[in-house]
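So you can see what is in the structure, the chains are spelled out below.
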Amino acid sequence: MSELRAVENVLRQQRRDLVAISNAVGEVGLQVNDIGIRQRITQDQLATLHNAVLRLEQQAQRTKNLHSAEARVGQLKNDIEQQFGHHKVVRRTAVGMLRAFDQGLVREETVRAVSEELLVQNSRYWLAPVLVTLAAWAGDDPQLCVRAVEEAYQHSPERTALFMALVLRRQDRGPAAVRWLRHYLDAQDPAALGREFPVILEATAQGAFGPAGLALVQERLDGWRRLLLDDEAVISAQVRRWRVELTSHVRVDGLDEDFPRLAEASPQWPQLRLMLSHAQAHGSILDRYTPVLAAEATPSSRIEDAVDELLDQLVTEYDREELPLRRQLAEQEAIVQADGDLAAAEQVARAQVPVLDDTRDYLSLQTDCALAPHTLAVSAQTQRLAMAACHDWIGEAHAGFTNDYRIAAPPTVEVAVDPGALSGVAAFRPPSWTGSFDRPMGTLERSLDAHWNRYGRPFVDGLAFDWGKSLIGPLVVLFVVLLIGLAVGGAGIGLLATALTGGVWAVVLKGRAEAAAAEQERVRRLIDDARDEALRGLRAAGIELEAWRDRFTAADSDASRVTALIADLATAGGPGAPHERRAVGRTDKGE
């Protein structure tokens, strides 16, 4: 009897141990699945955090670039002021002296003293001896006048000749002005015009040289244009510059946020984003250039005022020595304008910095006047005439710009769904589902649902408790217990031990079956919830694609408006100043 109790105690302990082991195994299974889910969630969180850190780093770098550029802009402006600021006094004095002659309020001795003092202080600046020329001319000293002109000519023959042509035109010395103008034009190379040449374009737009001068300039410009148009490399360069200008209006910021589901689900999103960002550039292009075409010229009513404006433009043009600093300043200001975005700043600089080249061909100069009139200090009328001259290149660049983003359209827009990633179940890794939005939404939903069920249901069914496999071990144990019981205590002891062991295993297997069923139900809910979320995402992506198409269609329709604007540039017209065909009417004042 004592032996029977000992066997019963042993069996009870084994039962308790097996139950504990069963519970532990079930707990471990749950923990393993939880670890897999948490690992996936952690990976997603780490990816999100990584992207957020990258955005913060990019923003921090842009802020750093912005502050550095702002400091550099201030430093460069100070350097320019220190090295070339004294030229401002000479520039202001030049036009002021002419106006003083008109008014007759300044004595010749004062004018000569001021001009000589400025020459001493700025002996290497071309405009300083020009002031002496004006003073000698007013004082009727031809010998000093000739020597001063020769000195100025040595420093800058182009600007000196042009300055004298403008001054003589202002003083109603038409034949002499045309001679200086012809002298200036004869010395020009249409492939390498100086930085003062925009004054010629401005004078043409204003009609400031009078009938004879205007005819001379127009004839020369037409000849240069015909000559340079034979050079394909020059034409290609202009088309490329206009292509860069059009591309600078492209903005991709915010598109991912406007279409989040489409951006996440469609492999073709990069192409769709490129298409829409380029199509939307047409609106920015229209906003910039429509006012140029619509602006009405407001020329000065007096020829003296018009020439004074041209003289201001000539004398305030940057000197050759000043250009390196001006280029650096333009590059840094582009960074400031782009809020520290170096890539965007480079786009702006690529369009503007060439304007600060020392020389350029005539066609490039027309492009410069159209793209950066503020840098060359030309009027809206001159910009409009320059754009009229460039309309063929603008049209070619725009056609290429539009065609390139249109041919980037994908043949079909697809949507891809990864069931495993959405479900969060570590062991559930079926192949991704891909569908085309060319098919009806209902068909896509049924296809995605069928794909999900095709892999989800077998996976969930595979988590069910397998009684067949689970009974093999216990049956072997029961058989061994029966044999041992029969050998130790006979048939009664063997049967009792087998019955007790079987009861223990029944409890253990029942616990395992219940844990497996709970886990199966949990995974089923996760997979079903992920399927429902995928279907909602599919519908949302379809809705966003329709919104994208509407937005793209509206933006792309502006391409025809840009084309019409470019066509209108061809008839932008010529000079329209009221004094373009009249002689200067002199007054008694100042003579």
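This report concerns the structure included in the present document. (Residues numbered from 1 in each chain as written. Predicted model: local features only at pLDDT ≥ 70, side-chain atom pairs only at ≥ 80, totals over all residues. Heavy atoms only, no water.)

**Thoughts on the overall build of the protein chain**
Broken down by element type, the protein chain carries 23 helices and 2 strands. Across the 591 residues in the protein chain, those meeting the buried criterion constitute 43%. In the protein chain, once contacts between residues fewer than 6 apart in sequence are set aside, the share between residues at least 24 apart is 78%. Summed over its atoms, the accessible surface of the protein chain is roughly 29800 Å², and 55% of this surface lies on carbon and sulfur atoms. (Helix = DSSP H or I, 4+ residues; strand = E, 2+ residues; numbered from the N terminus. Buried < 20%, exposed > 50% of the residue type's maximum accessible area, 1.4 Å probe, protein only. Contact = heavy atoms within 4.5 Å. Areas by Shrake-Rupley, 256 points an atom, 1.4 Å probe, with all protein chains shown as cover.)

**Re the nonpolar core**
The biggest cluster of nonpolar side chains holds 107 residues, and the ones touching the most others in it are F163, F197 and W548. Looking at which element gives the most residues to this core, the answer is helix α23 (residues 467–569), with 16 residues. (Core = buried A, V, L, I, M, F, W, Y, C linked by side-chain atoms within 4.5 Å.)

**A closer look at the packing of aromatic side chains**
Across all of its chains, the model carries 10 aromatic pairs by this definition. Ring centres of Y184 and F197 lie 6.2 Å apart, and the angle between their planes is 20°; this geometry places the pair in the stacked category. In this pair, Y184 is assigned in helix α7 (residues 174–186) and F197 in the loop between α7 and α8 (198–206), connecting sequence segments 13 residues apart. Just as Y184 is buried, F197 falls in that class too. Grouped by ring-pair contacts, the aromatic residues Y184, F197, W224 and Y362 constitute a single cluster. (Phe/Tyr/Trp six-rings, centres within 6.5 Å; stacked < 30°, edge-to-face > 60°.)

**Focus: the state of the cysteines**
In total, this model carries 0 disulfides according to the counting rule given. No disulfide involves C390; its sulfur sits 8.6 Å from that of C369, the nearest cysteine. Residue C390 is classed as buried on the basis of its relative accessible area of 0%. (Disulfide = S-S within 2.5 Å.)

**What about the packing of helix α13 (residues 269–294) against helix α19 (residues 380–389)?**
Helix packing for two helices is described by the angle between their axes and how far apart those axes are. As a packed pair, α13 and α19 sit with axes 9 Å apart at the nearest point and diverge in direction by 110°. Between α13 and α19, the angle is such that the two are roughly perpendicular. Taking contact as the criterion, the partners of Y289, V292 and L293 in α13 are, on α19, Q383, R384 and M387. Split into classes, the residues belonging to the contact of α13 with α19 amount to 4 nonpolar, 1 polar and 1 charged. (Axes fitted to C-alpha atoms, helices over the stretch in contact; angles between N-to-C directions. Parallel < 35°, antiparallel > 145°, perpendicular 65-115°, else oblique. Nonpolar A, V, L, I, M, F, W, Y, C, P; charged D, E, K, R; others polar.)

**A closer look at the packing of α8 against α19**
With their axes 9 Å apart at the nearest point, α8 and α19 run at an angle of 100° to one another. By the criterion of interaxial angle, the relationship of α8 to α19 is roughly perpendicular. Within the contact between the two elements, α8 uses L201, E202 and A205 and α19 uses Q381, T382 and L385.

**Here's the deal with helix α2 (residues 87–103)**
Given a rise of 1.5 Å per residue, 17 residues ought to cover 24 Å, and the 25 Å separating the end C-alpha atoms of α2 matches this to within 8%. Along α2, the residues classified as buried are H87, V90, R91, T93, A94, V95, M97, L98, A100 and D102. (Expected span 1.5 Å × (residues − 1).)

**Some thoughts on empty space enclosed by the protein**
With the rule as written, the count across this model stands at 1 cavity of 30 Å³ or more. Roughly 80 Å³ of volume is contained in the largest cavity. Lining the largest cavity are W242, L246, I285, Y289, M387, I394, V562, L565, I566 and L569. For the lining of the largest cavity, the secondary structure elements donating two or more residues are α10 (232–247), α13 and α23. A per-element tally of the lining of the largest cavity places α23 first, with 4 residues. (1 Å grid on protein atoms, 1.4 Å probe; cavity = no way out; pocket = protein on both sides within 12 Å on 5 of 7 lines; lining within 4 Å. Points joined across faces, edges and corners; volume = space filled by probe spheres on them.)

**Quick notes on the environment of R92**
With respect to the secondary-structure elements, R92 resides in helix α2. The exposed category is assigned to R92, whose relative accessible area is 57%. When the C-alpha positions of R92 and D312 are compared, they lie 8.3 Å apart, and in sequence the two are 220 residues distant.

**Quick notes on the pattern of salt bridges**
Throughout the structure, instances matching the rule amount to 19 salt bridges. Among the ionic pairs, D404 bridges to R243, the shortest N-O distance being 2.5 Å. One end of the pair, D404, is in helix α20 (residues 391–407); the other, R243, is in helix α10, and 161 residues separate them in sequence. Each of D449, D528, R531 and D532 takes part in salt bridges that share partners, so that together they form one network. (Salt bridge = Lys/Arg side-chain N within 4 Å of Asp/Glu carboxyl O.)

**Describing the side chain of S248**
Following the sequence through the fold, S248 ends up in the loop between α10 and α11 (255–258). Among the polar contacts listed, one links the side chain of S248 to the backbone oxygen of E245, at a separation of 2.5 Å. (Polar contact = N/O pair within 3.5 Å; in protein donor to acceptor, adjacent residues only side chain to side chain.)

**Concerning the pairing of strand β1 (residues 414–417)**
Along β1, the buried face is formed by V415 and V417; none of E414 and A416, which line the opposite face, is buried. Here β1 pairs with strand β2 (residues 433–436) via 4 bridges, running antiparallel. Across the sheet, A416 pairs through a bridge with T434, a residue of β2. (Pairing = 2+ DSSP bridges.)

**Brief notes about α13**
The end-to-end C-alpha separation of α13 is 38 Å, in line with the 38 Å expected for 26 residues at 1.5 Å each. Where α13 bends most, the angle comes to about 30°, and this point is L286. (Bend = angle between axes of the 7 residues up to and from the residue.)

**A look at unusual backbone geometry**
Positioned with a positive phi, D140 is a non-glycine residue whose angle comes to about 60°. By secondary structure assignment, the location of D140 is in the loop between α4 (127–138) and α5 (142–155). Look at D140 and you get exposed, because its relative accessible area is 66%.

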